[in-house]
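# A look at the structure
This is what each chain is made of:
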Amino acid sequence: MTKLRVGIIGTGKKKERRDRFGFAMAYEHADAYQALDSCEIVACADLVEENARAFADTYEVEKIFLDYRAMLDEMRLDVVSICTWPRLHEPMVLDACRAGVRAIHCEKPIADTWGGVQRMARAAEQAGVQLTFNHQRRYGTPFVLAKRLLDDGAIGQLVRLESDPGNIYDSGTHYIDLFSFFNGEQRAKWVLAQIDYRQENLVFGAHCENQNLVLTEYENGVFGLIMSGTGDSSPVGCVDKLVGADGVIEVGVTNGPALRYRQAGEQAWVTVDTGGESIHGPGFINRAIADVVTCLLEGRRCQLDVRNALIATEIIFGAYESSRRHGRVDFPLEIDDNPLAAMVEQGILAPAPMTTGGA
Ligand SMILES: NC(=O)c1ccc[n+]([C@@H]2O[C@H](COP(=O)([O-])OP(=O)(O)OC[C@H]3O[C@@H](n4cnc5c(N)ncnc54)[C@H](O)[C@@H]3O)[C@@H](O)[C@H]2O)c1
């Protein structure tokens, strides 16, 4: 069998302690491709030669590039993984679409502006490229079993989804995307939100608010409620809560199990065995990338497709826009920028500068 030729953009540098300044996600993508017989990593690109070389040595990658465009031009790639910071995702996705790759698997969050998100989705559609985003928790046992409980009727009709994701842009992209997973990829109709941004909080180079309160309504009438406390307390008590007419499911309970549920009228929670998996893994990215590749080979739409990912992204940028407008924002969201970044640039929000190591 001819193997799919995979190229990686943004190898990163593997560190002992990963943080908001470098997670080296490329290594997790590479582990996942290497586990597949159908794929071969033939090239990698990074601005920093030392990073590219270390990565190439680890995975026995033949060709390294400092200019990712040269890699796209020369390597006849089938699949590209983009593992750079969010502000680079848009130009890199557009370049990869122009280069004629078959599939792009890009890290989250999709992009740093809502206009960018839409340009990426359009470019992929016009070029016939499979464009997916690494919302890998959709493949995590705690989340998969929560969805199964919901579908099996354990809590009756879904009424409301709740989350405390910390911030809505960086970590929220996962947990709000999971609202779509639980709620059958329904689109949202509107969003009403307020944020607080008093202490600068840059995560992978992007502003993230300190506190948020976000209400949205999906087309099927299910509500989404996102709330965060001041750091040492959580108004939701878990990363995702599914509230049904006849009970509640909680995923990623603070200081508690990865998954539990309680049916109406019952006092006790039922803890569900997730086979040792927490809300972070292990194994999620391997499963996600295996599915991305299988969907490409079988011509099926992957659940990580940009058309699903932009449901949560519209809520995120819509929430920042609602805060800017002091009012409800009806969808479709008709802005081009990132309202949070714009409010900081214009001095409307003036967070105290971040000290070393971040807030
Ligand atoms: N899915 C998840 O759970 C998860 C977890 C952490 C981070 N992330 C996301 O992964 C993405 C990457 O973050 P990271 O911390 O792994 O990155 P990183 O900082 O570890 O690596 C990024 C690399 O990109 C390189 N780079 C920068 N500009 C480039 C260019 N023009 N051409 C080629 N290379 C270039 C840098 O030199 C660096 O080596 C971010 O979007 C982040 O939000 C996802």
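Please read all numbers here as calculations on a predicted model, not as lab measurements. (Residues numbered from 1 in each chain as written. Predicted model: local features only at pLDDT ≥ 70, side-chain atom pairs only at ≥ 80, totals over all residues.)

Attention shifts here to the domain arrangement of the protein. One can read the domain layout of the protein as domain 1 (4-136 + 282-305) and domain 2 (138-279 + 312-345). Its C-alpha centre places domain 1 at a distance of 26 Å from the equivalent point of domain 2. Between domain 1 and domain 2, the contact holds 21 residues from the first and 20 residues from the second. Mapped onto the side of domain 1 that touches domain 2, the elements with two or more residues apiece are α5 (114-127) and α8 (284-298). If you tally residues by element for the side of domain 1 that touches domain 2, the top one is α8, at four residues. Looking at the side of domain 1 that touches domain 2 residue by residue, the class counts come to 10 nonpolar, five polar and six charged. (Domains from an automatic or database assignment. Contact = placed C-beta atoms within 7 Å. Helix = DSSP H or I, 4+ residues; strand = E, 2+ residues; numbered from the N terminus. Nonpolar A, V, L, I, M, F, W, Y, C, P; charged D, E, K, R; others polar.)

With that out of the way, let us pick up helix α1 (residues 25-34). Counted residue by residue, α1 has eight buried out of 10 residues, so it is predominantly covered. Here α1 has its buried residues at Met25, Ala26, Tyr27, Glu28, His29, Ala30, Ala32 and Tyr33. The elements touched by buried residues of α1 are β1 (4-9), β2 (39-45), α2 (49-59), β4 (79-82) and α8. (Buried ≥ 20, exposed ≤ 12 C-beta atoms within 10 Å, placed from the backbone.)

Now for the environment of Gly166. Inspection of the secondary structure assignment puts Gly166 in the loop between β7 (158-163) and α7 (172-182). You can call Gly166 buried: it has 22 C-beta atoms within 10 Å. C-alpha separation for the pair Gly166 and Ser234, spaced 68 residues apart in sequence, amounts to 8.9 Å. Each residue touching Gly166, except ones within four places of it in the same chain, is listed here: Ser171 and Ser228.

Hydrogen bonds between backbone atoms are what pair the strands of a sheet, whose relative direction is either parallel or antiparallel. Overall, mixed pairing links the nine strands, which are arranged β16-β15-β14-β13-β7-β12-β11-β8-β17 in an open sheet. The outermost strands of the open sheet, each flanked by one partner alone, are β16 (270-271) and β17 (329-330). The pairing of strand β13 (residues 238-244) with strand β14 (residues 247-253) spans six bridges and is classified as antiparallel. Bridge pairing in β14 links Lys241 to Glu250. Across the sheet, helix α6 (residues 141-151) lies against β7, β13, β14 and β15 (259-263), angled at about 175° from β14, the strand it touches most. (Pairing = 2+ DSSP bridges. Axes fitted to C-alpha atoms, helices over the stretch in contact; angles between N-to-C directions.)

Neighbouring the ligand are 25 residues, the closest being Gly10, Gly12, Phe23, Met25 and Glu107. Looking at side-chain class alone, the shell around the ligand contains 13 nonpolar, eight polar and four charged residues. (Near = placed C-beta within 6 Å.)

Below, the discussion takes up the packing of α1 against α8. What describes two packed helices is the angle between their axes and the distance between those same axes. Axis separation between α1 and α8 bottoms out at 9 Å; the angle between their running directions is 60°. Our classification of the angle between α1 and α8 gives oblique. Crossing angle aside, the handedness with which α1 passes α8 is right-handed. Residues Glu28, His29, Asp31, Ala32 and Tyr33 of α1 form the contact with α8, whose own contacting residues are Ile285, Asn286, Ile289 and Ala290. Each residue belonging to the contact of α1 with α8 can be placed in one class, and the counts come to five nonpolar, two polar and two charged. (Parallel < 35°, antiparallel > 145°, perpendicular 65-115°, else oblique. Left-handed = near helix turned anticlockwise from the far one by under 90°.)

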